[in-house]
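So the chains spell out like this:
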Amino acid sequence: MAGEKGLLSALSTAGFVFSVFIVSSSLFIERWKQFVIVLCFWFFFTEKRYRSFYLGVQTFPRDMRSVGKFMLTLSQFYYWKVRGGGVAAIFLHNVRKHPNKIAFYFEDRSWTFQEVEDQSNRVANYFRTQGVSRGDAVGLLMENRPEVVILWLGLTKLGAVAALINNNQRGDILSHSILSGECKKVICGTELVDALSEILPKWPELGVYTTGPTQKELPGSTHLDQVLPHSPSTPLPQEIAKTAMNDTFLLIYTSGTTGLPKAAKMNHARCFMMARGIYNMMWMSGDDVVYDTLPLYHTAGGVLGVGQALLNGLTVVVRSKFSVTNFWTDCIKYNCTVAQYIGEMCRFLLASPERPEQTAHKVRLIIGNGLRPQIWSAFMERFHIQEVGEFYGSTEGNCNMINTENKVGAVGFLPWFAPLLNPYYLIKADPETNEPIRGSDGLCILCKEGEAGILTGIVRKVHPFSQFTGYADKKATEKKIMRNVFKQGDEYFNSGDILVKDGHGYFYFKDRTGDTFRWRGENVATSEVEAVISNVVKLKDAIVYGVEVPHVEGRAGMAAIVDTDNTLDLAELAEGMRKSLPVYARPLFVRVLRSVPLTGTFKLKKVDLQNEGYNPSSIQDPLYFLQGNSFVPLTLELHQDIVSGKVKL
């Protein structure tokens, strides 16, 4: 940065000197030409203006590459929009290109494109006889395996909607997902019949079907493995032809880390732009083999991952669950060249012991989100990864972007002319309420370079990049839309995420609006504190949140740290926090967890931990309090002194 400022200052001085020279050279250049030349130099070589020009020149190659890929994806989208048929039609195109190519691997089995086509046709034909028609929702409650994709692809050919239910849900939450998705039928993996049987008394008219290798049956259900082989594999071209790109074909539930899960609508257009966009932006090819260990009931695994097979004709390796031990072994076994990740997975892998397999693979590219800057370079170096495709996005959001330049820490970028194509903006927000700050005119205020704000994207119903399809619940959809943002009558999607943009157009994830808390008059970004603590405690899982202390303004910081092997050094933690964190950002409370309370997408269950607080009478895990510069056990007596105000915070 210092070098850039020096260069800008030198060029400004050179511009001034040159201007003086031009003015003094009246014998050679006419006066009006002198004026034009001086004006041009003044415009370009004043420091502020030259900086914009300088940055524009620097990012020009990157921006031109991204625009080319963007326009390629957009042209492919409109081609298929005109042809019609959505995902099923595009998949059929790939089947005809290479029917005998492997579409999916799972453990020791494989499925060719033709086999997936035939089996999904059997699904479509069977469920048509079961009364499933266009627009009907069918729930899928299954663990990871290619049959999940085959089932929802078959339902898609009927114009039906597959609700991809999180297979970790139980009881009332599972019942809520069926209700909110308006499912008329549910297909349950035999491994999960106990979970479904618990709530079936509430759903006496629900059609239930089972599938899977185990012998466990659900009374009153139909076992698909017995009936589908007798269903015809003939295609349904007329039904597929009725499908438009804006038709909803999947319901994908939010993780439910706060409140009950919401069923987000996924239409063919969004699926195409996500899967084909990643493919084009990261220069993937038909020879790539993708390793997908993520849950198929979420967008990353179930759309971006399997979408590479369905929409782009690649081979995808599906695994039941992520495994540190088997990750690189599987990549070698299946000759994978691309692997998907979640940031937590990368930390698990980096914290694992050195193994020969970690560099014997052919993986050149990893695609995902949440890879922290602190371990980015170390991960690439240790595992010999050439490219990282870190992206930002959400199932329902319209502010998606990807970092194609391997810029450490960035979740994506926008060229300077991006507002002409697909406008994303950062707007100022109140740190207390997380609500957008509005000026005297009632409109939102744009963030400056380096200033944190809420990411928003304009909502345009017909544009494939800017549309917001929302949730099955109309009230939940309405809550995510902001109106009168930059002018009266406009609509923008509220991502709920705090990001920062630098002068080169790169975006960096900072926090979620609900995760920032205020302490000692300062805003504490939990993700930043988590990153510091994770590094200090040797990449152990750490989650930071604010907890209320009676009679004290704001929220005190608390960190829950996973220590399964009992190696956490509290003295080292306190010293690392002292060196790396300001006083207001240092957690006062620490809870040591012996197990990892994760959601289905490998996120620690922050809300549950936050609600449980720091009372040693109700928490069995070890608790500690930062007294001075060291941690001491949080006893019942000390806890009472804290809540009574005897201990001053």
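Calculation notes
Residues numbered from 1 in each chain as written. Predicted model: local features only at pLDDT ≥ 70, side-chain atom pairs only at ≥ 80, totals over all residues. Heavy atoms only, no water. Pairing = 2+ DSSP bridges. Helix = DSSP H or I, 4+ residues; strand = E, 2+ residues; numbered from the N terminus. Buried < 20%, exposed > 50% of the residue type's maximum accessible area, 1.4 Å probe, protein only. Phe/Tyr/Trp six-rings, centres within 6.5 Å; stacked < 30°, edge-to-face > 60°. Lys NZ or Arg CZ within 6 Å of the ring centre and 35° of its normal.

Could you give an account of the sheet that holds strand E1 (residues 102–106), naming the residues involved and the relevant values?
Within a beta sheet, neighbouring strands are joined by backbone hydrogen bonds and run either parallel or antiparallel to one another. In spatial order, the strands read E2-E1-E11-E10-E12-E13-E14-E15; together these 8 strands make up an open sheet with mixed pairing. Strand pairing shows two members of the sheet lacking a second neighbour, strand E2 (109–112) and strand E15 (401–402), which therefore form its edges. Pairing of E1 with strand E11 (residues 315–318), which is carried by 3 bridges, proceeds in the parallel orientation. Bridge pairing links Phe106 to Val318 in E11.

Could you give an account of unusual backbone geometry, with specific residues and numbers?
With phi around 55 degrees, Glu182 is a residue other than glycine that occupies positive phi space. With respect to the element layout, Glu182 can be found in the loop between helix H7 (171–180) and strand E5 (183–189). Even without a glycine there, the phi angle at Trp283 is positive, about 55 degrees. Locating Trp283 in the fold gives a position in the loop between helix H11 (268–281) and strand E10 (289–292). Look at Trp283 and you get exposed, because its relative accessible area is 60%.

Explain the pairing of strand E20 (residues 491–501) residue by residue, including any values.
Extensive coverage of E20 is indicated by the burial of 9 of its 11 residues. Pairing analysis gives 5 bridges linking strand E18 (residues 453–458) to E20, with the strands arranged antiparallel. If you follow Gly453 over to E20, its bridge partner there is Leu499.

Describe the packing of aromatic side chains, naming the residues involved and giving the relevant values.
The final tally for this structure, using the stated rule, is 23 aromatic pairs. Their ring planes at 80 degrees and their centres at 5.1 Å tell us that Tyr291 and Phe327 sit as a pair that is edge-to-face. Pair noted here: Tyr291 is in strand E10 and Phe327 is in helix H14 (residues 327–333), with a separation of 36 residues, a long-range link. Each of the two residues, Tyr291 as well as Phe327, counts as buried. Sitting over the ring of Tyr506, Arg62 keeps its end group 4.7 Å from the ring centre. Directly above the aromatic system of Tyr506 lies the positively charged group of Lys407, at a separation of 5.6 Å from the ring centroid.

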